[in-house]
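# Close look at the chain arrangement
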Amino acid sequence: MNHKLLLVNGPNLNLLGTREPQIYGAKSLEEIVDEVREFCWPKGIEVLPFQSNHEGSLIDFIQQQGPGAAFGIVNAGALTHTSIALRDALKGVGLKFIEVHISNVHAREEFRHQSYLSEIAAGLIVGLGTGGYLLAARHWAQQLEA
Ligand code: DQA
């Protein structure tokens, strides 16, 4: 187990499963984390999940765990559209990460079209539902095998 994968979720993603299920689906964050863990475990990837509704707590986690991590999957929720501080933290520790959004943010309100993270992300998975997390994990696993 020497490859650490940070699975970072921002504000309100703790409500997954009950929050606007027509947009965000029926799965809870716990179920999603379990799915990603199950996929990653046999591949020698250790998943470190973290969810917070607080910008500073997310930044603290990234500062603490980012330097030792091989890669990340980040759904920053609404902070995606507002937080230069979160972007700076991700860039500051040099974390390679995939930006994930469950919903297609580009088909929604205009304020969701802007992301402070996309420019520094390795890639983006947007609008493919909660399965996007697993797709991102699959990508990182393939990178390890390559
Ligand atoms: C989200 C999209 C954001 O605009 C929103 O604020 C969220 C979830 C998504 O996964 O689709 O909280 O990141």
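What counts, and at which threshold
Residues numbered from 1 in each chain as written. Predicted model: local features only at pLDDT ≥ 70, side-chain atom pairs only at ≥ 80, totals over all residues. Heavy atoms only, no water. UniProt positions renumbered as here; feature names shortened; annotations may be inferred. Helix = DSSP H or I, 4+ residues; strand = E, 2+ residues; numbered from the N terminus. Expected span 1.5 Å × (residues − 1). Buried < 20%, exposed > 50% of the residue type's maximum accessible area, 1.4 Å probe, protein only. Contact = heavy atoms within 4.5 Å. Patch = residues over 30% accessible without salt bridge, like charges linked within 9 Å, V, L, I, M, F, W, Y side chains within 5 Å. Areas by Shrake-Rupley, 256 points an atom, 1.4 Å probe, with all protein chains shown as cover. Salt bridge = Lys/Arg side-chain N within 4 Å of Asp/Glu carboxyl O. Lys, Arg positive; Asp, Glu negative; His and termini not counted. Charge placed at Lys NZ, Arg CZ, Asp CG, Glu CD.

If you check an unreviewed UniProt entry, the protein appears there as 3-dehydroquinate dehydratase. Checking UniProt for the protein, the heading Pathway (unreviewed entry) contains the comment "Metabolic intermediate biosynthesis; chorismate biosynthesis; chorismate from D-erythrose 4-phosphate and phosphoenolpyruvate: step 3/7." Its UniProt record gives the protein a comment under Subunit (unreviewed entry), which states: "Homododecamer."

### Quick look at helix H5 (residues 131–145)
The terminal C-alpha atoms of H5 lie 21 Å apart, and with 15 residues this matches the ideal 21 Å at 1.5 Å per residue to within 8%. Taken as a whole, H5 has its buried residues at Gly132, Tyr133, Ala136, Ala137, Trp140 and Ala141. Looking at the buried positions of H5, the neighbouring elements they touch are strand S1 (3–9), helix H2 (29–40), strand S2 (45–51), strand S3 (71–75), strand S4 (97–101) and strand S5 (123–126).

### Details of a negative patch on the surface
A cluster of acidic side chains, namely Glu30, Glu31, Asp34 and Glu38, defines a negative patch on the protein surface. Here Glu30 lies in helix H2. In this structure Glu30 comes out as exposed when scored by relative accessible area, which is 62%.

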